[in-house]
Structures are given as C-alpha cells and as structure tokens.
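# Fold and contact review
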Amino acid sequence: ATKEQIALARSQILASRKALNALDKPQWYILDRDANPGYAGFSEDSDKIEAIGRVFPAIFFIVAALVSLTTMTRLVEERRIEIGTLKSLGYGNLAIMSKYILYAAAPTVLGGLAGGYFGMQFFPVIIISAYSMLYAVPYPVTPLHIPFWMTGIVIGALSTLIATIAACENELRASPSTLMRPKSPKLGKRILLERIPLLWRSLSFIQKVTVRNIFRYKKRFFMTIVGVAGCTALLMTGFGLRDSVTAMLDLQFVEINRYDLTTTMTDTAKASDLNAVVSLLAGDDFVRGNMPCRRMTYDAGSEQPGMNARAPVSVTLVVPQDAETFHEYIVLRDRTTHAQLPFGASVAAPGGSGGMEGAVITEKLASLLGLVPGDSFFITDEDGVRIDILVSGITENYYAHYVYMTAALYTQLLGQAPEYNCVYTFLSETTLDDRIQLAGKVLNRKGVNAIYYTSAISETFQEVITNLNFVVLVLILSAAALAFVVLLNLTSINISERIRELATIEVLGFYDREVSAYVYRENIALTVIGAGIGLLLGVALHLYVVVSTETELMMFGRKIRPESFVYSVLLTLIFSICVNILTGKRLRSINMVEARKSVE
C-alpha cells in the first residue's frame with residue numbers, strides 16, 4: 001500500500017474510534033416472562049378464577065354437611081331398636097358408632113374420588129375455553145392436582161363424619177330401654193302466625209296444617225331453606241354474570257362510544273395529511289360527521305396512600321379538537337345517575353388556592369389509582385417526562401383506561417398545542433362491502449396508520465359472551481344438582497317420618513292427589529321462601545364474582561336484568577316440581593294397613 005493509502009486508513013480508524021467513543025453506553029434490560037403482557041394478563045385472570053374458587057366450594061360443602069346431618073340423623077333414628085339391642089348386649093358406644101361412621105365415610109370417599117377426577121378434567125376445559133377469545137392458548141392441559149384432590153376429600157369426609165358423630169351421640173345418650181321404643185313424634189306448638197288472629201283466621205284448615213308442619217320440623221325447614229337458597233344464588237350468579245358482560249357490550253359500544261370508525265395517523269404524518277383524510281371522509285356518502293382528536297399512550301400513576309408501590313397503568317390521553325361537540329362522539333357521564341359530566345370543569349387546586357382545570361378519567365382507572373374528583377395523579381411519557389393532572393370527574397367506562405382533557409389544558413400542561421393524530425367518524429347504515437370499500441380509500445391516503453370499526457370490536461366481545469354461555473350452563477347444572485339432592489333427600493325423609501300420619505289421612509278419606517298435595521304444599525312453600533333468600537344471596541355473590549373476574553383493563557356491568565331474577569326463581573320452582581313428581585309414586589304406594597301397625 002502507498003503512504004497515502006496508509007494515512008487514509010489511519011485517519012478512518014481514528015475517526016471511527018472517536019465516533020465509537022462519542023456513543024452513549026448501551027443500557028441492558030433483562031425482562032422475565034412476567035413482563036410479557038400476555039403472560040401477565042393470563043396470570044392475573046388465573047388469580048381471578050382462584051378467587052371464585054374460594055366461594056363456590058364453600059356453598060357445596062355447607063349443603064353437603066347439612067344433607068349428611070339430616071340423612072344420618074334419620075338413619076340413626078330408624079335404627080334405634082338395633083342400637084338399643086346392641087347397647088343392652090354390652091357393646092360400647094364407639095363400637096356401635098363405628099358402623100355408621102364407616103357407612104358415612106365409604107360413599108364420601110368414593111364420591112370424592114370420582115367427583116374430584118371429573119371436576120379436574122371437565123371444569124378447567126370449560127373455563128379455559130371461555131378465555132380462549134382473549135388469549136391464544138393451546139388445548140387445555142388438565143393434570144390431576146393430588147393435594148387439591150385430597151383436600152376436597154378430607155373436607156368432605158370431615159363434614160360427613162362430624163354430622164354422623166353428632167347424630168350418633170344424640171341417640172347414644174339414651175338408655176337401652178328408651179332406645180328399644182320408637183321415638184315419639186314431635187309435638188305441635190303454637191307458632192308466631194297464630195298470635196296474629198286476623199291473619200290466622202283468614203287461612204283455611206289445610207293452610208293452617210301446612211304452616212304448622214313447616215315450623216314443626218325446624219331442622220328440615222332450615223336445611224331446605226339453605227339448599228334452595230344456594231340453588232337460586234348459583235342461578236342468579238350465572239345469569240347475572242352473563243348480564244354484566246352483555247351490559248358492558250351495549251353500554252360501551254352503543255351508549256358511551258357513539259362513533260363508528262376510528263382512523264389513526266402515523267407519527268410522521270403532517271397536519272395536511274390529517275386534513276386530507278378529514279376531507280375524504282367528509283365527502284363520502286356514508287359519513288355523517290368527523291371529530292379530529294389527539295390520542296397518545298402514557299403510563300399513569302398516583303401518590304395516593306397505598307398506591308406508591310403499584311405498577312404504572314397504561315392510559316390513553318384523548319384531546320378533542322372541539323370540546324363543545326365531543327359529547328356527541330363519546331359520552332362522559334356518571335355511572336349511577338347518568339348525569340353528563342362537564343368537560344373542562346375547574347376543581348380546587350391542592351392546598352385550596354383558587355381553581356384549576358382538571359381532566360375527566362374513566363371509572364376503572366380511578367379505582368386502580370384510588371382517585372376521586374379533586375385528587376391529582378400523574379402521567380409519564382416514554383422519555384420519563386412527568387405531567388401532573390387534577391381529576392375533575394370520573395366517567396362511566398368499561399373497556400381500557402382513558403384521560404379526557406381540553407386542548408387548552410393540554411397546551412397549559414405540555415407547553416404546546418396538540419397535534420391531532422386521529423379522527424372519530426359517524427357513519428350511516430352501511431353493509432360489510434361499504435365498510436371494506438371505505439377502509440380501502442382511507443388506508444390509501446398518506447400518513448394513515450390504521451382504521452378500526454367499532455362494530456368489529458363489538459363482534460369480538462360478542463364471541464366472548466357466546467363462550468360465557470358455557471360457564472352459565474355449568475352453573476345452572478350445578479344448581480340443578482344441588483336442588484335435586486337437597487329436595488329429594490328431604491322429601492324422602494319427610495315421607496318416612498310421617499308415613500303413619502299420611503296413612504291416617506288416607507284412612508280418613510283423603511284421595512291420592514290430596515295426600516300428595518299435603519306434602520307438596522310444604523315443599524313449594526319452603527322453595528318459595530328459600531328462593532327469596534337466594535335472590536338476596538345471589539345479588540351479593542354476583543357482585544363478588546363480577547369484581548373478582550374483572551381484568552385490569554376491563555370493567556363489567558353491575559346490574560342484573562329483571563328477567564334474570566324471574567328465570568332464577570322459575571328454574572328453582574321447576575326443580576322442586578320435578579322432585580315432587582318423582583316422589584309422588586312413593587306417596588301413592590303407601591300401604592295404609594302396614595303403615596299404621598304399631599311398631600311394638
């Protein structure tokens with residue numbers, strides 16, 4: 001190489017070294033899987049399902065314990081003579097009790113093994129399928145969790161065994177001679193209703209008998225109430241959950257977000273590019289109106305007590321070009337009163353000095369950051385620049401987090417006028433072909449990044465609601481199983497306990513349908529009372545489930561439709577009527593002579 005070439009190479013090397021030395025040292029960011037929004041969201045939703053899993057098993061365990069108590073009490077009472085004989089022969093209480101403990105434990109363990117396997121293979125598939133519209137997940141894997149399985153069996157066995165031991169202890173306190181005689185029927189007592197003469201005299205003889213019998217057997221009374229109330233509460237939860245998601249769909253994409261199309265511009269787009277898009281849309285036959293806005297994504301945080309350790313919340317800042325007509329595109333209102341919120345209202349500044357203009361934020365964001373009107377929060381951009389904002393109002397919203405402010409407040413806080421980068425558009429009635437044609441024209445314009453039809457987002461949520469119907473169906477089937485187990489068990493015990501009474505009224509001339517109605521009236525009355533209590537319990541349970549299943553990005557509706565109350569009560573009554581039909585054959589087959597024979 002010549003000297004000139006060597007000198008040129010050296011100068012290039014020196015220049016490259018200077019350029020490298022001038023570069024800032026790179027910063028390394030090591031992120032684990034939890035930093036991935038998809039994984040983090042799926043993990044959060046799993047925690048929501050876990051919160052529900054703490055409530056529903058408790059309902060079934062309570063009912064199972066009560067059913068076991070009633071069943072084993074009746075079984076032990078029917079074996080009084082046998083227990084008395086064994087006791088007189090010298091058998092100890094533990095030896096006698098072991099027979100019934102084994103009898104109660106065997107079906108509990110076998111049922112726990114079968115039910116646990118079925119539950120772990122069936123229910124997770126339904127729940128994961130319901131979330132498959134939100135996440136791209138493979139086919140659900142349902143391994144057998146032995147600790148959970150064994151815990152369920154142990155709790156079920158303890159519930160049954162405690163009830164069995166309590167029933168046996170109650171009988172074994174008596175002497176053998178007392179046990180060798182049948183237990184005396186419960187004495188009838190005056191009830192509270194009899195102390196109201198005007199109301200009591202208005203009842204017919206049959207109605208008086210029904211009311212007295214209901215309160216005569218208090219254990220069966222409370223057991224039926226609890227079982228039916230649990231059934232109705234589960235139904236209310238299922239229907240209410242569907243109502244909440246459906247309400248979110250209608251409220252968010254019909255009543256609140258009234259615009260039909262959103263057009264977003266690229267970061268490099270100029271004001272002239274946006275104006276060209278607005279002119280194009282305004283000249284289209286299907287367009288009824290346009291509203292340019294400024295939309296930017298920030299991280300929001302709060303310094304309210306307890307919020308310092310919270311991770312930032314991603315929010316979208318929306319600044320409309322015309323604050324006066326913005327409510328035609330997005331409705332800002334209070335969720336409970338539906339009163340329209342003033343846009344650009346002033347609030348008291350921190351320290352009470354004067355008033356400053358604030359921004360309107362969405363309800364879920366206010367809940368996450370612990371904010372109320374008058375509080376302040378901050379947003380930070382990608383460069384870490386912090387902007388403090390006062391809250392002037394909290395608006396109803398169900399999907400995503402938004403901060404709405406006027407152009408004047410934006411200019412005051414950021415020191416520059418907003419550069420509008422999106423357009424909200426009203427459309428007239430259009431077909432799918434019309435929307436595709438309009439989208440093609442808009443996307444071909446310079447500076448356009450993407451367009452979103454509100455109807456497309458709504459249809460996606462509609463598919464989620466369709467999958468949610470499987471969850472509702474599971475709750476209905478669970479409620480039906482609960483009602484059948486409780487009512488069938490108690491009705492059978494009721495007939496067994498009163499078989500001599502029923503045979504007596506048959507001898508007195510009651511027809512088969514009248515004898516059946518004698519028992520059915522009590523079941524229906526208890527079902528109605530239990531359903532009423534179940535509606536109140538269902539409202540509370542529904543609210544818990546809705547709040548527990550909400551994601552950070554989404555808020556469900558809080559109201560339950562009136563027809564859901566009707567459906568819950570009607571289905572509960574239908575379950576009760578089905579049980580009455582199943583037990584009717586046994587009532588008609590009572591042998592009057594055999595039933596009235598003395599046990600002695």
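One can find the structure itself at the top, above this paragraph.
Here the residue index of a chain counts from 1 through its sequence in written order. For this predicted model, a pLDDT threshold of at least 70 governs which residues receive local features, and a threshold of 80 or more governs which side-chain atom pairs are given and counted, while totals over whole chains, interfaces and linings are taken from all residues. Side-chain numbers here rest on the full set of heavy atoms in the structure, without hydrogens or water.

### Examining a nonpolar patch on the surface
For patch building, the residue pool is restricted to those with more than 30% relative accessible area and no salt bridge; the joining distance is 9 Å between like charges and 5 Å between nonpolar side chains (Val, Leu, Ile, Met, Phe, Trp, Tyr). To be clear on the numbers: accessible area is Shrake-Rupley with a 1.4 Å probe, and residue cover counts the displayed protein chains and nothing else. Put simply, a salt bridge is a Lys or Arg side-chain nitrogen that is within 4 Å of an Asp or Glu carboxyl oxygen. Taken together, the side chains of Val109, Leu110, Leu113, Tyr117, Leu144, Ile146 and Met150 present a nonpolar region at the surface, about 600 Å² in accessible area. Going along the chain from the N terminus, every DSSP run of H or I of four or more residues is numbered as a helix, and every run of E of two or more is numbered as a strand. Only α5 (93-131) and α6 (146-172) provide two or more residues apiece to the nonpolar patch. Three exposure classes are used, based on accessible area relative to the maximum for each residue type with a 1.4 Å probe and protein chains only: buried under 20%, partly exposed in between, and exposed over 50%. The exposure class of tyrosine 117 is partly exposed, given its relative accessible area of 44%.

### As for the side chain of histidine 542
Summarising the element assignment, histidine 542 is placed in helix α17 (residues 512-549). It only takes one pair of heavy atoms within 4.5 Å for two residues to be counted as in contact. Residue contacts for histidine 542: discarding those within four places in its chain leaves Thr237, Gly240, Leu241, Ser244, Arg558 and Ile560.

### Observations concerning the pairing of strand β10 (residues 422-427)
The buried fraction of β10 amounts to six of the six residues, a majority that puts the element mostly inside the structure. Side-chain alternation along β10 places Cys422, Tyr424 and Phe426 on one buried face and Val423, Thr425 and Leu427 on a second face that is also buried. Bridge count for strand β1 (residues 261-265) against β10 is four bridges, and the pairing is antiparallel. By the bridge assignment for β10, threonine 264 is matched with cysteine 422. Criterion used throughout: strands pair if DSSP finds at least two bridges between them. Relative to β10, strand β2 (residues 287-301) is paired through six bridges, and the arrangement is antiparallel. Looking across to β10, one finds that valine 287 is bridged to leucine 427.

### So, the packing of aromatic side chains
In this scheme Phe, Tyr and Trp rings, the latter by its six-membered ring, pair at centre separations within 6.5 Å, and the angle between planes marks the pair as stacked below 30 degrees, edge-to-face above 60, and tilted otherwise. Applying the stated criterion across every chain yields a total of eight aromatic pairs. Consider the rings of tyrosine 259 and tyrosine 424, whose centres lie 4.3 Å apart with planes at 15 degrees: the pair is stacked. Taken together, the positions of tyrosine 259 in the loop between α10 (218-256) and β1 and tyrosine 424 in strand β10 put the pair 165 residues apart, joining distant regions of the chain. Overall, tyrosine 259 belongs to the buried group, its relative accessible area being 8%.

### Comments concerning the pattern of salt bridges
Summed over the entire model, instances satisfying the criterion amount to eleven salt bridges. Among the salt bridges present, the one from glutamate 194 reaches arginine 212, with a minimum N-O distance of 3.0 Å. With glutamate 194 in the loop between α7 (176-179) and α8 (197-201) and arginine 212 in helix α9 (residues 205-216), this pair connects stretches of sequence that are 18 residues apart. A salt bridge links glutamate 396 to arginine 333, with the nearest nitrogen and oxygen atoms 2.7 Å apart. Note that glutamate 396 is positioned in the loop between β8 (386-395) and β9 (402-404) and arginine 333 in the loop between β3 (313-320) and β4 (346-348), a separation of 63 residues in sequence. The exposure classification of glutamate 396 matches that of arginine 333, with both residues buried. In the salt-bridge network here, residues are joined through shared partners; they are Arg79, Glu82 and Lys99.

### Quick look at empty space enclosed by the protein
Any residue with an atom within 4 Å of a point lines the site, the site being either a cavity, points on a 1 Å grid over the protein atoms alone where a 1.4 Å probe fits but cannot get out, or a pocket, an open set with protein on both sides within 12 Å along at least 5 of 7 lines. Grid points are joined across faces, edges and corners, and a volume is the space filled by probe spheres set on the points. All chains considered together, the criterion is met by one cavity of 30 Å³ or more. Its boundaries defined by the atoms lining it, the largest cavity holds a volume of some 100 Å³. Arg220, Thr224, Asn494, Asn523 and Leu526 are, among the 13 residues lining the largest cavity, the residues nearest its centre. The element best represented in the lining of the largest cavity is helix α15 (residues 454-497), accounting for four residues. Residue composition of the lining of the largest cavity, grouped by class: six nonpolar, five polar and two charged. Just so you know the grouping, Ala, Val, Leu, Ile, Met, Phe, Trp, Tyr, Cys and Pro go in nonpolar, Asp, Glu, Lys and Arg go in charged, and all remaining residues, Gly too, go in polar.

### Quick look at the nonpolar core
Throughout, nonpolar core names a set of buried Ala, Val, Leu, Ile, Met, Phe, Trp, Tyr and Cys residues whose side chains join them through atoms within 4.5 Å. Membership of the largest hydrophobic core comes to 37 residues, with the highest contact counts inside it found for Cys231, Leu235 and Val486. Elements that contribute at least two residues to this core include exactly α3 (56-78), α10, α15 and α17. Here this core gets 14 residues from one element, more than from any other, and that element is α10. Those residues within four positions of cysteine 231 in sequence are excluded, and the remaining contacts are Ala479, Leu482, Ala483, Thr572 and Phe575. Counting residues in each nonpolar core, the second largest holds 22 residues, with Val313, Phe377, Ile379 and Val403 among its members.

### Concerning the side chain of threonine 362
By the secondary structure assignment, threonine 362 is in strand β6 (residues 359-362). Residues contacting threonine 362, with those up to four places away along its chain left out, are Ile394, Thr395, Asn397, Ala400, His401, Tyr402 and Tyr404.

### Things to note about α9
The end-to-end C-alpha distance of α9, which contains twelve residues, comes to 16 Å, matching closely the 16 Å that a straight helix rising 1.5 Å per residue would cover. Here α9 has its buried residues at Val209, Thr210, Val211, Asn213 and Ile214. Lining the buried residues of α9 we find α8, α10, α16 (499-507) and α17. A helix is expected to span 1.5 Å multiplied by its residue count minus one.

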